[in-house]
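# Breakdown of the fold
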Amino acid sequence: MTTSRPGEPSRRPGERGDLLDPCCPTRQLLDRIGTKWTSIAVKVLAEEAPEELRFAELRRRIPGISQKMLSVTLQSLARDGLVARRVEPTVPPAVHYRLTELGLSLERPLSALRVWAETHMQEINRSNQLADESPPQLGPALSRDQDAGRVFRWLAAGW
């Protein structure tokens, strides 16, 4: 992986980016595809592949998503070339969505992440419960920087 430095020329096409750089396109892409709604939309569309789903059907299959959030999610996926959108010129227009080949290639890694989350959810919940029951004691007289240093040392000590 390359690293970026201020004043360096831009990378060549195909060269890997620096995930730690907030301006890195890879990081920006991970921000978009790492949302729960993207993961769920890709899963639902993958279950129908290569067939299409209408917007209303997608919304019915994704409990809890608002019409606006589904629209924003699908627009982002379409912009990235992961979803194809087809509009039938009817009144009202019928809008259909399907995963592209690129979108289908995203399903496997997202599926692995979902399986990991389902497998380890109990461990994560136990860890959260323990953390909620006994948070680290940070002295009230410490500055914010001192608190951060103390937490860092606490984490480095094995937590």
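Everything here concerns the structure above.
Quick summary incoming for the structure in this document. (Residues numbered from 1 in each chain as written. Predicted model: local features only at pLDDT ≥ 70, side-chain atom pairs only at ≥ 80, totals over all residues. Heavy atoms only, no water.)

Turning our eyes to something else, we now look at the nonpolar core. When a protein is soluble and globular, its nonpolar side chains tend to lie buried together. Counting 22 residues, the largest nonpolar core has Leu45, Leu58, Ile62, Leu70, Leu74 and Tyr97 as its most contacted members. Beyond its immediate chain neighbours, meaning those up to four positions away, Tyr97 contacts Leu45, Glu51, Glu52, Leu53, Phe55, Leu58, Leu74, Val83, Ala84 and Arg85. (Core = buried A, V, L, I, M, F, W, Y, C linked by side-chain atoms within 4.5 Å. Buried < 20%, exposed > 50% of the residue type's maximum accessible area, 1.4 Å probe, protein only. Contact = heavy atoms within 4.5 Å.)

Reading across the sheet, the three strands line up as β1-β3-β2 and stay open at both edges, with antiparallel pairing between neighbours. On the outer flanks of this sheet lie β1 (53–54) and β2 (83–88), each paired with one strand and no other. Sheet analysis places β1 next to strand β3 (residues 94–99), joined by two bridges and oriented antiparallel. Across the sheet, residue Leu53 finds its bridge partner in β3, namely Tyr97. On top of the sheet, helix α2 (residues 36–48) reaches β1, β2 and β3; it is set at about 90° to β3, its chief contact. (Pairing = 2+ DSSP bridges. Helix = DSSP H or I, 4+ residues; strand = E, 2+ residues; numbered from the N terminus. Axes fitted to C-alpha atoms, helices over the stretch in contact; angles between N-to-C directions.)

The next subject is the side chain of Thr100. Relative to the elements of secondary structure, Thr100 occurs in the loop between β3 and α5 (101–133). Those residues within four positions of Thr100 in sequence are excluded, and the remaining contacts are Gly81, Leu82, Val83 and Ala84.

Moving on to the pattern of salt bridges. According to the stated counting rule, one finds eight salt bridges in the structure shown. In this structure, Arg61 engages Glu57 in a salt bridge whose closest nitrogen and oxygen atoms are separated by 2.7 Å. Here Arg61 pairs with Glu57, and both are found in helix α3 (residues 55–61), just four residues apart, close to one helical turn. Through salt bridges with shared partners, a single ionic network connects Glu48, Glu57, Arg60 and Arg61. (Salt bridge = Lys/Arg side-chain N within 4 Å of Asp/Glu carboxyl O.)

Let's shift gears to a nonpolar patch on the surface. On the surface, a cluster of nonpolar side chains totalling about 390 Å² of accessible area is made up of Leu113, Trp116, Met121 and Ile124. For Leu113, the location among the structural elements is in helix α5. (Patch = residues over 30% accessible without salt bridge, like charges linked within 9 Å, V, L, I, M, F, W, Y side chains within 5 Å. Areas by Shrake-Rupley, 256 points an atom, 1.4 Å probe, with all protein chains shown as cover.)

Turning our eyes to something else, we now look at unusual backbone geometry. The bulk of non-glycine residues show a negative phi, and the bulk of peptide bonds are trans. Across the junction of Ala49 and Pro50, the peptide omega takes the value 5°, indicating a cis bond. Backbone torsion omega between Val91 and Pro92 reads -10°, so that peptide bond is classified as cis. Relative to the helices and strands, Pro92 resides in the loop between β2 and β3.

Packing of α2 against helix α4 (residues 67–79) leaves a shortest axis separation of 10 Å and a crossing angle of 75°. With respect to α4, the axis of α2 lies roughly perpendicular. Of the residues in α4, those in contact with Trp37, Thr38, Ala41, Val42 and Leu45 of α2 are Met69, Thr73, Leu74 and Leu77. Here the contact of α2 with α4 is composed, by residue class, of seven nonpolar, two polar and no charged. (Parallel < 35°, antiparallel > 145°, perpendicular 65-115°, else oblique. Nonpolar A, V, L, I, M, F, W, Y, C, P; charged D, E, K, R; others polar.)

The next subject is the environment of Ala46. Inspection of the secondary structure assignment puts Ala46 in helix α2. When the C-alpha atoms of Ala46 and Glu107 are compared, they prove to be 6.9 Å apart, with 61 residues separating the residues in sequence. With sequence-adjacent residues up to four places away left out, Ala46 is seen in contact with Leu99, Leu104 and Glu107.

Remember that the coordinates give geometry; whether it matters functionally is a separate question.
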